[in-house]
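Here's the letter readout for the chains.
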Amino acid sequence: MAYDNNNVFAKILRGEIPCARVAENDHALAFNDIHPQAPVHILVIPKGRYISSDDFYSSAPAEEIAGFSALIARVARDAGVADGGYRLIANHGADGGQEVPHFHVHVMGGRPLGPMLSRGPAA
Ligand code: AMP
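Residues numbered from 1 in each chain as written. Predicted model: local features only at pLDDT ≥ 70, side-chain atom pairs only at ≥ 80, totals over all residues. Heavy atoms only, no water.

Novice: Can you break down the overall build of the chain residue by residue, with the values?
Specialist: Looking only at helices and strands, the chain features four helices and five strands. Going from the N terminus to the C terminus, the chain shows its helices and strands as α-β-β-β-α-α-β-α-β. Expressed along its principal axes, the backbone C-alpha trace of the chain runs to roughly 35 × 35 × 30 Å. Within the chain, the fraction of its 123 residues that count as buried is 37%. In the chain, the share of contacts with a sequence separation of at least 24, taken over all contacts with a separation of at least 6, comes to 54%. Summing over all exposed atoms, the chain offers an accessible surface of approximately 7400 Å²; the carbon and sulfur share of this is 52%. (Helix = DSSP H or I, 4+ residues; strand = E, 2+ residues; numbered from the N terminus. Buried < 20%, exposed > 50% of the residue type's maximum accessible area, 1.4 Å probe, protein only. Contact = heavy atoms within 4.5 Å. Areas by Shrake-Rupley, 256 points an atom, 1.4 Å probe, with all protein chains shown as cover.)

Novice: Can you lay out the site of the ligand for me, pointing to particular residues and giving the numbers?
Specialist: In the vicinity of the ligand lie 16 residues, with Asp-33, Asn-91, Glu-99, His-104 and His-106 positioned nearest. Glu-99 is positioned such that a nitrogen or oxygen atom in its backbone is 2.6 Å from an oxygen atom of the ligand. In this structure, His-104 approaches the ligand through a side-chain N or O atom, which is 2.8 Å from an oxygen atom. With the chains in place, 87% of the 510 Å² that the ligand exposes on its own is no longer accessible. The site holding the ligand turns out to be the largest pocket. Secondary-structure elements contributing two or more residues to the shell around the ligand are α1 (8-13) and β2 (28-32). A class-by-class count of the residues in the shell around the ligand yields seven nonpolar, seven polar and two charged. (Near = heavy atom within 4 Å. Polar contact = N/O pair within 3.5 Å; in protein donor to acceptor, adjacent residues only side chain to side chain. 1 Å grid on protein atoms, 1.4 Å probe; cavity = no way out; pocket = protein on both sides within 12 Å on 5 of 7 lines; lining within 4 Å. Sits in = over half its atoms within 2 Å of the grid points. Nonpolar A, V, L, I, M, F, W, Y, C, P; charged D, E, K, R; others polar.)

Put into structure tokens, the structure is as follows:
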């Protein structure tokens, strides 16, 4: 599958559509999710063209992975959820429910988030 240059996060990175920017470093950008599902719901995306977690962690250079990871930790701390706890979610592909085909991690917290998944069969 090829990277889609017209996905919404690619447009945010090019400045073609706005975002509620939270933080940024050389390798990643963080902004508020447009439909928050928790008091803190921040998306962290790499600045490079990576479709998913599979793509990113198998092909990104180590310094990009380090910069991306550092920004996740920073926004969680700055949002005040590091002590109380938070959840990181990275949806990959159809079964994972990924909607936007540019790799992103959801940083969610600010209230008890409940079970990891809605109840359903394990198999
Ligand atoms: P996922 O299902 O993991 O691909 O999540 C995509 C997320 O992107 C959803 O939580 C959407 O609410 C969010 N989203 C889509 N468009 C925008 C946008 N323009 N700005 C901020 N968040 C967005």
